[in-house]
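Listed here are the chains, written in short residue letters.
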Amino acid sequence: GQQLNQSPQSMFIQEGEDVSMNCTSSSIFNTWLWYKQDPGEGPVLLIALYKAGELTSNGRLTAQFGITRKDSFLNISASIPSDVGIYFCAPRANFGNEKLTFGTGTRLTIIP
Amino acid sequence: NAGVTQTPKFQVLKTGQSMTLQCAQDMNHNSMYWYRQDPGMGLRLIYYSASEGTTDKGEVPNGYNVSRLNKREFSLRLESAAPSQTSVYFCASSARQGQNTEAFFGQGTRLTVV
């Protein structure tokens, strides 16, 4: 079966610092999704990537779909307190495969 | 627009009891999912349904059954609850591949089995 590795597992940073996290897999995907989960809530989509090599920004967030289609990274610039939460990658396979699995998550904590 | 609605939000069960977690979506999505979330384990897929009338096992299906009652509703049943099933359960739905594939999540059900 596919192996999906997300790192780091947790991050402790100061406000204003940049953040970087990534997911790698042994399988090829045609979509990479990045979600954020706030405490007590369900995950919410941040960025969707649909093409290998694609680099997409959403405000302070930047994500890239790896050229090999087996990896993706998410960067957050100039972190603010509301960035606290758990970030998940969720790749999707080829058309017709509706299975959607998630990485183990990166827990972001901002140190005051 | 309610999106994905899960009930109940909280539940405490005794070992061996049964219960059904309900999920409904009003976005006309074909695909629906059930996940459990445990500390350090992320979201693990229990079962999913690509369309009405079909269900498939995910990563951790043992101890669970599902029913895709119609396009809107996808229920998760625990026939004989065990302490290992203490978790937060999330239902999600999405459009089919090739369209906007974003998955929308419910608020979660926090289940404790004692």
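Below is a short write-up of the structure. Quick caveat: nothing in here was measured; it's all calculated off a predicted structure. (Residues numbered from 1 in each chain as written. Chains lettered and ligands numbered in written order. Predicted model: local features only at pLDDT ≥ 70, side-chain atom pairs only at ≥ 80, totals over all residues. Heavy atoms only, no water.)

## Section: the nonpolar core
W32, W34 and L74 of chain A are the most contacted members of the largest nonpolar core, which has 21 residues in total. Those residues in contact with L74 of chain A that sit more than four places away from it in its chain are V19, S20, M21, W34, L46, I47, L61, T62, A63 and Y87 of chain A. Core analysis: the next-biggest nonpolar cluster, separate from the first, contains 20 residues, M32, L76, L78 and Y89 of chain B among them. (Core = buried A, V, L, I, M, F, W, Y, C linked by side-chain atoms within 4.5 Å. Buried < 20%, exposed > 50% of the residue type's maximum accessible area, 1.4 Å probe, protein only. Contact = heavy atoms within 4.5 Å.)

## Thoughts on the pattern of salt bridges
Residues and elements named next belong to chain B. According to the stated counting rule, one finds 5 salt bridges over all chains in the structure shown. Residues D38 and R44 are paired through a salt bridge, measuring 2.8 Å at the closest nitrogen-oxygen approach. Taking relative accessible area as the criterion, D38 reaches 12% and is therefore assigned buried. Between R77 and E79 there is a salt bridge, with the nearest N and O atoms lying 3.0 Å from each other. Looking at E79, the relative accessible area reads 42%, which means it is partly exposed. Linked by salt bridges that have partners in common, R36, D38 and R44 make up one network. (Salt bridge = Lys/Arg side-chain N within 4 Å of Asp/Glu carboxyl O.)

## Observations concerning the state of the cysteines
All names here are of chain A. One pass over the full model with this rule turns up 2 disulfides over all chains. Here C23 pairs with C89 through a disulfide, and the sulfurs are 1.9 Å apart. Taking the sign of the S-S torsion, -90° for the link of C23 and C89, the bridge is left-handed. With C23 in strand β3 (residues 19-25) and C89 in strand β9 (residues 85-92), this pair connects stretches of sequence that are 66 residues apart. (Disulfide = S-S within 2.5 Å. Helix = DSSP H or I, 4+ residues; strand = E, 2+ residues; numbered from the N terminus.)

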